[in-house]
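Remarks on the overall topology
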Amino acid sequence: MALHAAGRQSLVDSVVDQLRAQLAAGEWGVGDRLPTEHALAEVLQVGRNTVREAVRVLVHAGMLRSRQGEGTFVVSVTDPASALRAVQRASIRDVLELRTALETEAARLAALRRGPADLERMRSALDAQRQLGREGGPGAEDMELYADHDVEFHRAVVDAARNSALTALYDWFAGSVREALVTALADREMARVNHADHRVLLDAIACGDPAAAEAAARNLLEGPLRQVEELLAEE
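Source: prediction; values computed, not measured. (Residues numbered from 1 in each chain as written. Predicted model: local features only at pLDDT ≥ 70, side-chain atom pairs only at ≥ 80, totals over all residues. Heavy atoms only, no water.)

Observations concerning helix 10 (residues 210–234)
The end-to-end C-alpha separation of helix 10 is 37 Å, in line with the 36 Å expected for 25 residues at 1.5 Å each. For helix 10, the principal kink sits at glutamate 222 and spans about 30 degrees; a proline, proline 224, occurs within the next four residues. Among all positions of helix 10, only Ala213, Ala216, Ala217, Leu220, Leu221, Leu225, Gln227, Val228 and Leu231 are buried. As for helix 10, its buried residues are in contact with helix 5 (92–113), helix 7 (143–160) and helix 9 (195–206). Put simply, aspartate 209 is the residue that caps the front of helix 10, since its side-chain oxygen is 3.3 Å from the backbone nitrogen of alanine 211. (Helix = DSSP H or I, 4+ residues; strand = E, 2+ residues; numbered from the N terminus. Expected span 1.5 Å × (residues − 1). Bend = angle between axes of the 7 residues up to and from the residue. Buried < 20%, exposed > 50% of the residue type's maximum accessible area, 1.4 Å probe, protein only. Contact = heavy atoms within 4.5 Å. Polar contact = N/O pair within 3.5 Å; in protein donor to acceptor, adjacent residues only side chain to side chain.)

Shown next, in the form of structure tokens:
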């Protein structure tokens, strides 16, 4: 095992980093059981409490899972937090492409599974956004709230899909969606939010037409994505 003695500063962090590196290097694969706390403590030359805390950090990160009486097992060899941080640093184009992948499927499922409360939530978000967006778009003082209403509409669509994994992912991703939208709204070269396209999506979901809902969600995002690509090409 290519571990070495940890330094005296930030022992838990040092052990976390070493274990994370070993997981990434393939020292243990998904489903493998880690050595015991005692064995790891001896190799790392730290106390068992330090190892226990480091393992707890990686369990919380979703890389390990502890089973009472059985040991600690590998769930993932990559740190999910690193992937999520990469999403946070993504460009507007990347965010739009990922939105297209997530939201088209969410719209399709929402058309099959939505309830009256879901439709009312979508309508409320669109109505509130439209009030702020009269005369071609929101003013600078309303831009943040305008973005909030837009994100609320799309989160309502995702929630209506009744897929807990999709909802959990989008809940986290919504921050990047909002940031990209605020940036686009502040750029006068970018087209304004098209309320008619949003309404087409809502109507398709309300009618229970999954194909139309999927197409409407894709169409809603294709315009901004095409415009971003054109601006990048000009640069």
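Considerations on the packing of helix 5 against helix 9
Orientation of helix 5 relative to helix 9, taken along the N-to-C sense of each, is 40 degrees, at an axis distance of 7 Å. Classified by the angle their axes make, helix 5 and helix 9 are oblique. Touching Ala107, Ala110 and Ala111 of helix 5 are Leu201, Ala204 and Ile205, all from helix 9. Classifying every residue of the contact of helix 5 with helix 9 gives six nonpolar, no polar and no charged. (Axes fitted to C-alpha atoms, helices over the stretch in contact; angles between N-to-C directions. Parallel < 35°, antiparallel > 145°, perpendicular 65-115°, else oblique. Nonpolar A, V, L, I, M, F, W, Y, C, P; charged D, E, K, R; others polar.)

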